Amino acid sequence: MVKLAQRIQKVKPSPTLAIDTKAKAMKAEGIDVVGFGAGEPDFDTPEHIKQAAIDALHAGKTKYTPVGGVNELKDAILAKLKRDNGLTYTRDEILVSCGGKHSLYNIAQVLLEAGDEVIIPAPYWVSYPDQVLLNDAKPVVVETKEENGFKITPQELEKAITSNTKAFVLNSPSNPTGGAYTRSELEAIAEVLVRKNVVCISDEIYEKIVYDGFEFVSIASLNDKIKALTITVNGASKVYSMTGWRMGYAAGPKEIIGAMTKLQGQVTTNINSMTQWAVVAALNQSQDFLKDWVKEFQRRRDYIVKRFNGMPGITCYNPQGAFYVFPNISSYLGKSAGGKKIETDSAFCEYLLEKHLVACVAGSGFGAPGYMRLSYATSMANIEKGLDRIEKALKDFA
Ligand SMILES: *Cc1c(COP(=O)(O)O)cnc(C)c1O
């Protein structure tokens, strides 16, 4: 038996992918499962974006590009950051990587070493703690409160900071809760980070998917001091429904982006060349289709939140963004269903899948036991069917 490195033994497989795999396997057997596991929009990539990739292919744009992305793509990102976020950067402050996830990993690799601590508010996106562990540093998980919209308060943040704190991960709007920080909340967070000299890793991948006129703000845009400490991460996956194309980017101080570019040059080089040209089109052409997508997401959110809050013993926070709901199911834990005691959120989700054919992801995978995550990147017909099944399942519990 070959002995694997310690490093890989510290991380676990992504729990969101695990439930999705199980649900897909059941579907393949012909079982009618309603899946709420997916972390990607259910819309197709818009036609003009696909066409730009086809054109690039035909134009022979099939060779290595500069590691950090072609200049046309960097310029489209620079224009976007200025237009949408009020942020001014230069080309050497931008790095394009194979998805936002890869951008985040590059950041972890160039910033972290043994002894460093990274503050991660829970519920968190599943990859944050594991990417920290993979780089020998320590994730410091801070539980947030449902009544605060699952957002960390400046007091909670300050309390978690030690002399070893290197970075803080901000994810607004959040996966899995949909909670999003207002400008004044960000100002208070930024004040603490600047005073304590802590790097802010701002994952803004759901920036465009916000509801009820919510004003999205990039923390780096608040002032020059927080900008000097912030690396903003974004990408094409969620906003343009391009999860399979693999494109993300980071914007931040030249020294950090330069180090990440050097690293990427030794690991993966540039991302797929046709994808780069497709994203140039995505960023530079009309964003109008997004209005329809967001409207449809909001319609689904309104329906699900209302249904859950009408179910006995369940509370469901009304998210400002992203495409997830995160209902609190804790009042059902410790009860029995189907002749078995259901003690944990994982057992609860397993019961829903096995007995009622609905796939949800247990909150403990996101550092929040007692909850579950449902993605509403699925049709209204599926949503209605799935919620009917959950409502029926709850009647089994006594
Ligand atoms: C989907 C997602 C990402 C990035 O996904 P990529 O496909 O790698 O760009 C990053 N952060 C969060 C919170 C996400 O949900």
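Preceding this paragraph is the structure being described.
Here the residue index of a chain counts from 1 through its sequence in written order. Predicted model: local features are reported for residues with pLDDT of at least 70 only, side-chain atom pairs are reported and counted for 80 or more only, and whole-chain, interface and lining totals are derived from all residues. By convention in this description, side-chain values take in all heavy atoms of the structure and omit both hydrogens and water.

Focus on the nonpolar core
Filter applied, for reference: Working definition of a nonpolar core: buried Ala, Val, Leu, Ile, Met, Phe, Trp, Tyr and Cys residues. They are joined through side-chain atoms within 4.5 Å. Only protein chains enter the accessibility calculation, which uses a 1.4 Å probe; a residue whose area is less than 20% of its type maximum is buried, one above 50% is exposed, and one in between is partly exposed. Helix numbers and strand numbers start at the N terminus; a helix is a DSSP run of H or I with at least 4 residues, a strand a run of E with at least 2. Whether two residues are in contact is decided by their heavy atoms, any of which lying within 4.5 Å being enough.
Among the nonpolar cores identified, the biggest contains 71 residues, and F308, M372 and I390 are the most heavily contacted of them. Take this core: its biggest share by element is 8 residues, from helix α12 (residues 289-309). Contacts of I390, omitting those with residues within four sequence positions, involve F308, M311, L352, V358, C360, M372 and L374.

A closer look at the pairing of strand β6 (residues 199-203)
To be explicit about the condition: Two strands qualify as a pair provided that DSSP identifies no fewer than 2 bridges between them. A crossover counts as right-handed when, viewed with the strands pointing away from the observer, the path leading from the first strand over the helix to the second turns clockwise.
With 5 of 5 residues buried, β6 is to be regarded as a mostly interior element. Residues V199, I201 and D203 line one face of β6 and the alternating positions C200 and S202 line the opposite face, and both faces are buried. Relative to β6, strand β5 (residues 165-171) runs parallel, the two sharing 5 bridges. Within β6, the position partnered with V169 by the bridge is I201. As a crossover connection, the stretch from β5 through helix α8 (residues 183-196) into β6 is right-handed. When β6 meets strand β7 (residues 230-235), the two strands line up parallel, connected through 4 bridges. Bridging from a neighbouring strand, S202 pairs with T232 of β7.

A look at the side chain of T165
We count it as follows: Throughout this description, a polar contact denotes any pair of N or O atoms lying within 3.5 Å of each other; where both atoms belong to protein, one of them has to be capable of donating a hydrogen while the other can accept it, and for residues adjacent in sequence the pair is counted only when both atoms sit in side chains.
With respect to the helices and strands, T165 occurs in strand β5. T165 sits in the buried class, given a relative accessible area of 10%. Polar contacts involving the side chain of T165 include one to the main-chain amide nitrogen of T162, which spans 2.7 Å. Residue contacts for T165: discarding those within four places in its chain leaves E117, I119, A160 and V198.

Quick look at the site of the ligand
Where we set the bar: We call a residue near a molecule or strand as soon as one heavy atom of that residue lies within 4 Å of the molecule or strand. Here, Shrake-Rupley sampling with a 1.4 Å probe gives the accessible areas, and only protein chains in the shown set may cover a residue. Residues are grouped as follows: Ala, Val, Leu, Ile, Met, Phe, Trp, Tyr, Cys and Pro are nonpolar; Asp, Glu, Lys and Arg are charged; every other residue, Gly included, is polar.
Taken together, 13 residues surround the ligand, and among them G100, D203, Y206, S237 and K238 come closest. The separation between an oxygen atom of the ligand and a polar side-chain atom of N175 is 2.8 Å. Residue D203 places a side-chain N or O atom 2.6 Å away from a nitrogen atom belonging to the ligand. Relative to its unbound accessible surface of 390 Å², the ligand loses 94% to contact with the protein. Within the shell around the ligand, the residues separate by chemical class into 4 nonpolar, 5 polar and 4 charged.

Let's talk about unusual backbone geometry
Following A122, the chain continues into P123 via a peptide bond in cis, with omega recorded as 0 degrees. Relative to the helices and strands, P123 resides in the loop between β3 (117-122) and α6 (127-133). For the bond running from S172 to P173, omega is -10 degrees, close enough to zero to count as cis. Within the secondary structure, P173 sits in the loop between β5 and α8. Positive phi outside glycine occurs at T269, with the angle close to 60 degrees. Structurally, T269 can be placed in the loop between α10 (254-267) and α11 (273-284). When its relative accessible area of 24% is taken as the criterion, T269 is described as partly exposed. Even without being glycine, L357 reaches a positive phi, approximately 60 degrees.

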